[in-house]
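# Overview (structure and organization)
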Amino acid sequence: SLTREADAVVLLQAGTEVSVAATKSYTSQALVTLLVTLDLARRAGALTAEDLRSWSTELLTIPAMASAALDSSDALPAIAKKYFSASGFMFVSRGAGLATAFEGALKLKELAYIHAEGIAAGEMKHGPIALLDAKVPVVSIAVPGTVFDKVLSNAQEAKARDAQLIGVAPDCPDAELFDTLLPV
C-alpha cells in the first residue's frame, strides 16, 4: 500500500529474508541510503562525474568484501565461546558506525536472548560506563574517518573499567587495545 501512495519509491531488492536476524534488509537499507545520498549530492552539484565513477568502482567491491568476511568467519566460534558467559554486551560507536552499533545490539538480543545495548560512544561517560566490568564486553565499532580516534579513546575508557574489548575495525596500530579484533 505504501508504494502506491508514495510520490517516490526506492525498493531494496534484497529478496525474502530467511532469518530473524534480517541482515539482508539491514545491509540493503544501508546501501540504498548511500545510493540515494549519492544521487542527491549529484543533483546538488556536490559530486562530479569522476566522483560518481569512483564511488561506483568502490561499491562494486562490496560482494568480494562480503565474501572475504564470510570466509574469515572460521574464528567466530572461538570468539563466541570466549564471550559465552557474558552478562550483557555494549555496542559503541560514533558517526557512521553508530547505526551498526545499534543494529549489532539488536541482532545479539534477537538471536542470543541476552541483554545488549547500542550506545553513542561519546555518551558512555553519562551513565553506561558505570555498568562496565569484566563480565560486560564492549563491541567497539571504529570506522575510519573523523571520529576514528575518538572511538578508540572511548574504547580505552571501557578498558580502564576492565571491560573485554571486541574491536570491529581495520587492522590498525592500536589493534593491541582490543582483546579480540574483527578486522574490516
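All of the points below concern the structure found in this document. All values derive from a computational prediction rather than experimental measurement. Per chain, the residues get numbers from 1 upward, laid out in the order the sequence is written. Since the coordinates come from a predicted model, pLDDT governs what is reported: local features require at least 70, and pairs of side-chain atoms require 80 or more to be given and counted, while whole-chain, interface and lining totals use all residues. To get the side-chain values, take all heavy atoms of the structure and skip hydrogens and water.

So, about the overall build of the protein chain. Counting from the N terminus, the helices are DSSP H or I runs at least four residues long and the strands are E runs at least two residues long. Per the secondary structure count, the protein chain includes 7 helices and 5 strands. What you see in the protein chain, going N to C, is helices and strands ordered as α-α-α-α-α-β-α-β-β-α-β-β. Exposure categories follow from relative accessible area, calculated using a 1.4 Å probe and restricted to protein chains: below 20% of the type maximum is buried, above 50% is exposed, and the middle band is partly exposed. Per-residue burial for the protein chain yields a buried fraction of 30% across its 184 residues. Within the protein chain, contacts between residues at least 6 apart in sequence are counted, and of these 59% link residues at least 24 apart. The method behind every accessible area is Shrake-Rupley, applied with a 1.4 Å probe, and residues are considered shielded solely by the protein chains displayed. On the protein chain, roughly 11600 Å² of surface is accessible, and the fraction owed to carbon and sulfur atoms is 61%. For the protein chain, the distance from the average site of its 15 positive side-chain charges to the average site of its 21 negative ones is 4 Å. A contact between two residues is defined here by any heavy atoms of the two lying within 4.5 Å. Neither His nor the chain ends is counted toward charge; the positive residues are Lys and Arg and the negative residues Asp and Glu. Taken as the charge centre is NZ of Lys, CZ of Arg, CG of Asp or CD of Glu, depending on the residue.

Helix length check: helix H7 (residues 148-160), at 13 residues, gives a terminal C-alpha distance of 19 Å against a target of 18 Å (1.5 Å per residue), a fit within 8%. For H7, every residue scored as buried is listed here: Phe148, Val151, Leu152, Asn154, Ala155 and Ala158. For H7, the arc enclosing every buried residue in end-on projection is 160°, short of the 170-degree limit, so these residues lie on one face. The outward face of H7, more than 90 degrees from its buried face, is lined by the exposed residues Asp149 and Ala160. On its buried side, H7 packs onto strand E1 (89-93), strand E3 (138-141) and strand E4 (165-169). Of the residues trailing H7, Asp162 is marked for its positive phi of about 70°. Residue count minus one, scaled by 1.5 Å, sets the expected span of a helix. Here, the arc refers to the directions that run from the helix axis to the C-beta atoms.

Turning next to the nonpolar core. Counting 21 residues, the largest nonpolar core has Met124, Leu132, Val138, Ala158 and Leu165 as the members making the most contacts within it. Elements that contribute at least two residues to this core include exactly E1, H7 and E4. With 5 residues, the top contributor of residues to this core is H7. Discounting chain neighbours no more than four positions away, the residues touching Val138 are Met90, Val92, Leu132, Ala158, Ala163, Gln164, Leu165 and Ile166. Here, the term nonpolar core denotes a set of buried Ala, Val, Leu, Ile, Met, Phe, Trp, Tyr and Cys residues that are joined through side-chain atoms within 4.5 Å. Counting residues in each nonpolar core, the second largest holds 12 residues, with Ala86, Ala105, Val139 and Ile141 among its members.

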